[in-house]
Amino acid sequence: MHLGGSFPLDYLIKVASDEERRILNENLKKASETVSYKEAFQMFKIVSQIVCTEDRVREGTYWLCEALKEDGVSYVEIRTGLKDLGLGFENYLKAVLEGIENAKSPGFKAYVALSLQRNSSLEIAKRTVSLALKYKERGVIGIDVSGYSEEGDIREILPVLSFAKAKGLGLLVHMGESPLETDQMVILQALNPDRIGHGVHLSEDAKQVILEKKIPVEICLSSSLCVQMIEKLEEHPWLFWGLQGHPIVIATDDPLIFRSPLSREYSLLYEKLNWPIERIIELAQDSFKYTLKAE
Ligand SMILES: CNc1ncnc2c1ncn2[C@@H]1O[C@H](COP(=O)(O)O)[C@@H](O)[C@H]1O
């Protein structure tokens, strides 16, 4: 899940100004219908305007962890792109980690993956990886590549991502969000990611590599439907492969934006897709095998 798309709505409502609250509600209403893949990325701007200080990042992260516990989540990898909210990238990261530490409780584990985008500069990529390594002991476990995938190309930051992997950071890559991506094979061959996010619009070659190498795929049903990667839930290609035994994990992406906590994502499998309950339980148990942090 991405932090900026996951802060609890009641927390945002509490701290937002009247105008921000109005824009937030307007945006969420739009997202509850469907938005285009490109439009979806506008949603995060209003959240950043509201969560605009390190204190709010710390508090918002804390309340997110509390909401996750209430939803029955016991393990989460929270992704976020570093931001300078006035005190620099490192203090942003510390605020996220402190929010998690403040919510610490038995039976709940939360870790952080730092996000880059295909068009992140080399400079940002290097700073991100360097901070990820510095804070490994405090719970940063990997690097995520996400963002609007039709913009930018991974090749510029590839050496930094390889370095991160060589240093023991996990690598999570959103791929196949759009058929216009041109770097799918480059990513798979050069980086051998630990998990693939979405994987809806993959080239045939990329799909074959993922199947052969058994790279786990994160399925975010509500998100894929809302941003029109798929038109119906049953069209998600990795549901089929999951039933054939390919490693898949059910995930939420952005529960704030798509109004779908993890429990609802699982219930979609049962209620809308008629998966047998035994298979769903097995799926949930198996997903622990594909986490970045072995428990
Ligand atoms: C189809 N879903 C998605 N695809 C790709 N990237 C996504 C995403 N949902 C979220 N993000 C990425 O996460 C950022 C917000 O969290 P942070 O501000 O970093 O904490 C978004 O700006 C986007 O880059």
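Residues numbered from 1 in each chain as written. Predicted model: local features only at pLDDT ≥ 70, side-chain atom pairs only at ≥ 80, totals over all residues. Heavy atoms only, no water.

- You'll find the protein entered in an unreviewed UniProt entry as Adenosine deaminase, with Candidatus Criblamydia sequanensis CRIB-18 given as the organism.
- One UniProt comment on the protein, placed under Catalytic activity (unreviewed entry), says "N(6)-methyl-AMP + H2O + H(+) = IMP + methylamine".
- According to its UniProt record, the protein has this under Sequence similarities (unreviewed entry): "Belongs to the metallo-dependent hydrolases superfamily. Adenosine and AMP deaminases family." (UniProt positions renumbered as here; feature names shortened; annotations may be inferred.)

**Describing helix H6 (residues 89–102)**
Thought 1: Between its terminal C-alpha atoms H6 stretches 20 Å, which fits the 20 Å expected from 14 residues at 1.5 Å a residue.
Thought 2: Here H6 has its buried residues at Phe 89, Tyr 92, Leu 93, Ala 95, Val 96, Leu 97, Gly 99 and Ile 100.
Thought 3: Where H6 is buried, its residues touch helix H5 (54–70), strand E1 (75–80), strand E2 (109–117), helix H7 (122–134) and strand E3 (140–146). (Helix = DSSP H or I, 4+ residues; strand = E, 2+ residues; numbered from the N terminus. Expected span 1.5 Å × (residues − 1). Buried < 20%, exposed > 50% of the residue type's maximum accessible area, 1.4 Å probe, protein only. Contact = heavy atoms within 4.5 Å.)

**Quick look at the site of the ligand**
Thought 1: The ligand sits among 19 residues. The nearest are Thr 80, Lys 83, Glu 177, Asp 253 and Asp 254.
Thought 2: In the environment of the ligand, a nitrogen atom lies 2.6 Å from a nitrogen or oxygen atom belonging to the side chain of Asp 254.
Thought 3: Taken by itself the ligand offers 510 Å² of open surface, and the protein chains cover 91% of this.
Thought 4: A class-by-class count of the residues in the shell around the ligand yields four nonpolar, ten polar and five charged. (Near = heavy atom within 4 Å. Polar contact = N/O pair within 3.5 Å; in protein donor to acceptor, adjacent residues only side chain to side chain. Areas by Shrake-Rupley, 256 points an atom, 1.4 Å probe, with all protein chains shown as cover. Nonpolar A, V, L, I, M, F, W, Y, C, P; charged D, E, K, R; others polar.)

**Brief notes about the packing of aromatic side chains**
Thought 1: In the structure shown here, the tally under the stated rule is eight aromatic pairs.
Thought 2: A centroid spacing of 6.5 Å and a plane angle of 45 degrees characterise the contact between Trp 238 and Trp 241, whose relative ring orientation is tilted. One end of the pair, Trp 238, and the other, Trp 241, are both in helix H12 (residues 237–243), three residues apart, so they sit about a helical turn from each other.
Thought 3: Using a relative accessible area of 25% as the deciding quantity, one classes Trp 241 as partly exposed.
Thought 4: Between Phe 240 and Trp 241, the aromatic rings sit 4.9 Å apart at their centres with planes inclined by 75 degrees, giving edge-to-face as the arrangement.
Thought 5: Residue Phe 240 is classed as partly exposed on the basis of its relative accessible area, which comes to 45%. (Phe/Tyr/Trp six-rings, centres within 6.5 Å; stacked < 30°, edge-to-face > 60°.)

**Here we look at the nonpolar core**
Thought 1: Counting 92 residues, the largest nonpolar core has Leu 12, Leu 93, Ile 143, Leu 161 and Leu 269 as the members making the most contacts within it.
Thought 2: For this core, the element with the highest residue contribution is H6, accounting for seven residues.
Thought 3: For Ile 143, the contacting residues outside a window of four places in its chain are Ala 113, Leu 114, Leu 116, Thr 128, Val 129, Ala 132, Leu 161, Ala 164, Leu 169, Gly 170, Leu 171 and Leu 172. (Core = buried A, V, L, I, M, F, W, Y, C linked by side-chain atoms within 4.5 Å.)

**Regarding the sheet that holds E3**
Thought 1: The strand order across the open sheet built from seven strands is E1-E2-E3-E4-E5-E6-E7, with neighbouring strands paired in parallel fashion. The open sheet is flanked by E1 and strand E7 (248–250), the only strands paired with a single partner. Each strand axis lies, on average, 30 degrees off the axis of its neighbour in the sheet, ignoring direction.
Thought 2: In terms of strand pairing, strand E5 (residues 195–198) meets strand E6 (residues 217–219) through two bridges, oriented parallel. Bridge pairing in E6 links Ile 196 to Val 217.
Thought 3: Against the sheet, helix H8 (residues 158–166) contacts E2, E3 and strand E4 (170–175), and its axis sits at roughly 155 degrees relative to E3. (Pairing = 2+ DSSP bridges. Axes fitted to C-alpha atoms, helices over the stretch in contact; angles between N-to-C directions.)

**Some details on the pattern of salt bridges**
Thought 1: Applying the stated criterion across every chain yields a total of 20 salt bridges.
Thought 2: Across the pair Arg 22 and Glu 19 runs a salt bridge whose closest N-O atoms are separated by 2.9 Å. On the criterion of helical spacing, the pair formed by Arg 22 and Glu 19 is a turn pair, its members being three residues apart in helix H2 (residues 18–32).
Thought 3: For Arg 22, a relative accessible area of 42% translates into the label partly exposed.
Thought 4: Across the pair Arg 195 and Glu 77 runs a salt bridge whose closest N-O atoms are separated by 2.7 Å. Residue Arg 195 is found in strand E5, and its partner Glu 77 is found in strand E1; the two are separated by 118 residues along the sequence. One exposure class covers both Arg 195 and Glu 77, and it is buried.
Thought 5: In the salt-bridge network here, residues are joined through shared partners; they are Glu 77, Arg 79, Asp 144, Arg 195 and Glu 218. (Salt bridge = Lys/Arg side-chain N within 4 Å of Asp/Glu carboxyl O.)

**As for the side chain of Glu 218**
Thought 1: Within the secondary structure layout, Glu 218 lies in strand E6.
Thought 2: Only 2.8 Å separates the side chain of Glu 218 from the side chain of Arg 195, close enough to count as a polar contact.
Thought 3: Dropping the residues within four chain positions of it, Glu 218 is found in contact with Arg 79, Leu 172, Arg 195, Ile 196, Gly 197, His 198, Val 249 and Ala 251.

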